[in-house]
Amino acid sequence: MGYSETRDSVTGLVKEQADIVQIIGECVDLKRSGARFLGCCPFHGEKTPSFSVHPGQQFYHCFGCGESGDVFSFMMKYHNLDFPSALKELARRYQIELPEKQYSPAEQEKERQRKAMYGINEKAARLFREYLLQAQGAAKARAYLERRGIPPDIQEKFQLGYAPSVESAGWNFLGSSLQGEESAAAEAVGLLVKNDKGSTYDRFRDRILFPIFDPKGRISGFGGRIVGDGQPKYMNSPESPIFDKSRLLLGLFQQAAEIRSRQRVVLVEGNFDMVSLVVHGCSNVVAPLGTALTRPQLKLLRHYADNAILLFDGDAAGVKAAVRAVPLFLAEQMSARVALLPPGHDPDTFIREEGLEQLERLLDSATPLAEFALAKMIEEHGLTLDGKSRIVEELRPLVQAAASPLQRSVVIAHFSEKLGIATQQLTDLLSGHSSVPSPVEVQPRELSRRVQAGRENVRLNAVQKRLVAHMVLHPAHFLRLEEVGLRTKLAFGVGEVLFLQLKALHAKGRELEPEELLAALPEGEERALVAEILLTASSADSGSSYCSGTEEELGELLLWLKREELQEMSRQLIAEIGKVQRDEHEFVTLSRLLQKKQKIDEELQALG
């Protein structure tokens, strides 16, 4: 048995052994309610419990924010772990041995180098921190922080340090403290720079240093703000195997708990803007690392909050940055608003002069980001015929970026009203023309995108709901249902997406549990439907017939599907017969079609 197969087997064992009530109960106060447990959701602020944990089916669901999943999902979401880390932690707790992957010598060496890089960043952060606190040469830096109103406890929270100036400690303050492999690691992460003669010098000099932590609390790099004269004012570590500034956010590691608690994150553009807001009581704030927001940063933020507010300067650059962020938030299905500061203010000066209460008022009155972007387009182009044409062109990438059908329809409806264009007309203008792949070959996620891209009106009818519920709750019956045309009855909707996902899981050749489908689905309409089905089934009375899974119920569904299949064949034959009846030369064809029709009618009659 290969490593991946062994790993899959052990993953199933870990999930089976893990007590989801115990795991979640360590983080949430749970109380039994019938067959389930209830508590306040840890992923959004609430006072009335709407977070439901089902031990029998080993999954959780929040009726308030829609979060749902299994024990792995909870570990990943709550503790901000990737799947391998969540699996490793649960296996450790339940004393289950995980198979060890065999790494090549090159892979082992790469991992050793990464550990050395994190290690040298930790050491450098301690040296810079100690220098700031104790060295006479850091007096100017300490005075600067005091002038900026950053007290010692906040300096400690963010582990601020100081890289001394050349006048105070020479060109090689850090390098002189390192040797051998440490020097090589320091070069690899950009703390040391090699000159033409082969010796090294410090990259950061005369700068307040902000260690940049990854979500696991490891120092990936540094951001430095110069204290004296010189350029650039801000400097980050260069890209390295452990530092990618497009995937990290300053302050996220320190602010994670507050952001998760409030389910709202404030984004500012500057390091000291972020720190100043924390000093004055706004603790759910982060800052990108001197660049525009990126999708990886928003993906990271979604682990902590679903709502974001961009707190930007009110100048042209701030407006441009906000508009540029719209498609990113739409693509990540993350709610965003923008609050522009009054002229002459940045976040630091505003909260110093106006205080936390005024800042909170400004944040609470923030404008929805898409609406803000449209208003700026109207302001720039006007509502003449030519202006509307330009606006539609600028709106197209924004609307196309929306990943949710509901989100897209709401945005288009709002835009159409503001522009005075009929909703359907604007939809047509924005959608453009693209070929649609054949439904025969489409894959689950591709079909999901197709459903979301314009088939919002396709909803499950009562019979389809029953078919989908049975398919989800009793995956052992899936192949028998497939044989009699299940997919045809679910075509072009969420039911077909679920059908294809189940088919992919069945292809692995093992028995399935209903929760495995939930775990395999990305967030969206399909996953929400599966969660609803599982919740309805688990909360039904023991005597309920809701998708009982009996052979009798399966027989009813198979009979219905067979009847539907025959009736559809009959309808097609009637259409063909109607065509050939008008042609006297098609007597043989007509006779053959009539015989087929008679046979199908007999089969339908036999089914009752």
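Criteria and thresholds
- Residue numbers restart at each chain and count upward from 1, following the sequence in its written direction.
- A pLDDT threshold of at least 70 governs which residues receive local features in this predicted model, and a stricter bar of 80 or more applies before side-chain atom pairs are shown or counted, although totals over entire chains, interfaces and linings include all residues.
- Side-chain measures here rest on the full set of heavy atoms in the structure, leaving out hydrogens and waters.
- Helix numbers and strand numbers start at the N terminus; a helix is a DSSP run of H or I with at least 4 residues, a strand a run of E with at least 2.
- Working definition: with a 1.4 Å probe on protein chains only, accessible area under 20% of the residue-type maximum means buried, over 50% means exposed, and in between means partly exposed.
- Residue contacts are defined here by distance: any two heavy atoms, one from each residue, within 4.5 Å place the two residues in contact.
- By the criterion applied in these results, polar contacts are pairs of N or O atoms within 3.5 Å in which, for protein atoms, one can donate a hydrogen and the other can accept it, and in which residues neighboring in sequence qualify only through two side-chain atoms.
- In this analysis, rings of Phe, Tyr and Trp, with Trp reduced to its six-membered ring, are considered paired at centre separations within 6.5 Å, and the interplanar angle assigns stacked below 30 degrees, edge-to-face beyond 60, and tilted for intermediate values.
- pLDDT runs from 0 to 100 and stands for how confident the predictor is about each residue.
- Should DSSP find at least two bridges between two strands, the strands are taken to pair.
- Working definition of a nonpolar core: buried Ala, Val, Leu, Ile, Met, Phe, Trp, Tyr and Cys residues. They are joined through side-chain atoms within 4.5 Å.
- A side-chain nitrogen of Lys or Arg and a carboxyl oxygen of Asp or Glu constitute a salt bridge if their distance falls within 4 Å.
- Only the contacting stretch of a helix is used when fitting its axis, a line to C-alpha atoms as for every element, and angles between N-to-C directions run 0 to 180 degrees.
- Roughly parallel means an angle under 35 degrees; roughly antiparallel, over 145; roughly perpendicular, 65 to 115; everything else is oblique.
- Crossing handedness follows the turn of the near helix against the far one: under a right angle anticlockwise gives a left-handed crossing, and clockwise gives a right-handed one.
- When charges are counted, Lys and Arg contribute as positive and Asp and Glu as negative, whereas His and the chain ends are disregarded.

1. Considerations on the overall build of the chain
Across its full length, the chain carries 27 helices and 16 strands. For the chain, the proportion of its 608 residues judged to be buried stands at 46%. Contacts in the chain between residues at least 24 apart in sequence constitute 65% of all its contacts with a sequence separation of at least 6.

2. A short note on the environment of Y94
Of note, Y94 is situated in the loop between α4 (83–93) and α5 (105–134). With sequence-adjacent residues up to four places away left out, Y94 is seen in contact with Q17, A18, D19, Q22 and I23. Among the polar contacts listed, one links the side chain of Y94 to the backbone nitrogen of D19, at a separation of 3.1 Å. Polar contacts involving the side chain of Y94 include one to the side chain of Q22, which spans 2.8 Å.

3. Focus: the side chain of S276
Take S276: it is sitting in helix α11 (residues 271–279). What makes S276 buried here is its relative accessible area of 1%. Excluding anything up to four places from it in sequence, S276 contacts D348, I351 and R352.

4. Describing the packing of aromatic side chains
A full pass over the atoms with the stated rule returns 18 aromatic pairs. Note on W171 and Y201: the rings are 6.3 Å apart at their centroids and 90 degrees apart in plane angle, and the pair reads as edge-to-face. In this pair, W171 sits in the loop between α8 (166–169) and α9 (181–188) while Y201 sits in strand β8 (residues 200–202), placing the two residues 30 residues apart along the sequence. Judged by relative accessible area, which is 28%, Y201 ranks as partly exposed. An angle of 20 degrees between the planes, with centres 5.4 Å apart, marks the rings of F213 and F253 as stacked. With F213 in strand β9 (residues 207–213) and F253 in helix α10 (residues 252–262), this pair connects stretches of sequence that are 40 residues apart. The exposure class assigned to F253 is partly exposed, which follows from its relative accessible area of 39%. Taken together, the aromatic side chains of F128, Y131, Y162, F173, F204 and F222 make up a single cluster linked through ring pairs.

5. Let's talk about α11
Counting buried positions along α11 yields eight of nine residues, so the element is predominantly enclosed. Residues of α11 that are buried include every one of N271, F272, D273, M274, V275, S276, L277 and V278, and no others.

6. Some thoughts on the confidence of the model for the chain
Across the chain, pLDDT averages 82, with 88% of residues at or above 70. In this model residues 433–443 is a low-confidence stretch, pLDDT under 50, and it forms 13 contacts with partners more than four residues away in sequence or in other chains. In the model, residues 541–545 has pLDDT below 50 throughout and makes one contact with residues more than four positions away in sequence or in other chains.

7. Things to note about the sheet that holds strand β2 (residues 36–39)
Taken in spatial order, the five strands make up an open sheet running β1-β2-β3-β4-β5, and their pairing is antiparallel. Of all strands in the sheet, those bounded by a partner on one side alone are β1 (31–33) and β5 (68–69). One ladder, built from four bridges, connects strand β3 (residues 51–54) with strand β4 (residues 59–62); its direction is antiparallel. Directly across from S52, in β4, lies its bridge partner H61.

8. Describing the nonpolar core
The tendency in soluble globular proteins is for nonpolar side chains to be buried as a group. Counting residues in hydrophobic clusters, the biggest one holds 61 residues, and the most contacted among them are F128, L191, I208, F222, M274 and L311. In terms of residue count, α5 provides more of this core than any other element does, eight residues in total. If we skip the residues at most four places from it in the chain, L311 touches V266, L267, V268, L277, A339, L341, P347, L359, L362 and L363. Among the nonpolar cores identified, the runner-up in size contains 47 residues, and L293, L300, L330 and M377 belong to it.

9. A few points about the pattern of salt bridges
Evaluation of the coordinates by the stated rule reveals 24 salt bridges. With a shortest N-O distance of 3.2 Å, E332 and K299 are connected by a salt bridge. Taken together, the residues span a long stretch of sequence, with E332 in the loop between α13 (316–331) and β15 (335–340) and K299 in helix α12 (residues 295–301) at a distance of 33 residues. With relative accessibility at 4%, the residue E332 sits in the buried group. When the shortest N-O distance is used, the salt bridge between K376 and E379 registers 3.7 Å.

10. Topic: unusual backbone geometry
The omega torsion of the bond from Q231 to P232 falls at -5 degrees, within 30 degrees of zero and hence cis. Relative to the assigned elements, P232 resides in the loop between β10 (219–226) and β11 (234–236). The backbone of D206 shows a phi angle near 55 degrees, a positive value even though the residue is not glycine. Tracing the chain through its elements places D206 in the loop between β8 and β9.

11. Looking at the pairing of β10
In terms of burial, β10 is largely enclosed, as eight of its eight residues are buried. Between β9 and β10, which follow one another and run antiparallel, lie five residues, and G217 among them has a positive phi close to 90 degrees. Looking at chain direction, β10 and β11 are connected through three bridges and run antiparallel. Bridging across to β11, G224 finds its partner in M235.

12. Some remarks on the sheet that holds strand β12 (residues 265–267)
Strand order in this open sheet of five strands is β13-β12-β14-β15-β16, and the pairing throughout is mixed. The outermost strands of the open sheet, each flanked by one partner alone, are β13 (285–286) and β16 (367–368).

13. Here we look at the environment of K579
Relative to the helices and strands, K579 resides in helix α26 (residues 551–580). Residue class for K579 comes out exposed when judged on its relative accessible area of 58%. As a C-alpha pair, K579 and L590 span 11 residues in sequence and 9.3 Å in three-dimensional space.

14. Structural notes on the packing of helix α15 (residues 369–381) against helix α16 (residues 385–401)
Packing of α15 against α16 brings their axes to within 9 Å, and their N-to-C directions diverge by 150 degrees. In terms of axis orientation, α15 runs roughly antiparallel to α16. Two packed elements cross with a definite hand, and for α15 against α16 that hand is right-handed. Facing α15, whose interface residues are A373, L374, M377, I378 and H381, α16 presents G387, R390, I391, E394, L395 and L398.

15. Some points on the side chain of R225
Topologically, R225 is positioned in strand β10. No salt bridge forms around the buried R225; measuring N to O, its nearest opposite-charge neighbour D229 is 8.2 Å away. Reaching out from R225, the side chain makes a polar contact with the side chain of Y144 at a distance of 3.2 Å. Not counting the four nearest positions on each side in its chain, R225 is found in contact with Y144, R148, D206, R207, I208, K233, Y234 and F272.

16. Looking at α10
Buried within α10 are the following residues: L252, Q254, Q255, A256, I259 and R260. Positive phi appears at Q263, one or two residues downstream of α10, with a value of about 55 degrees.

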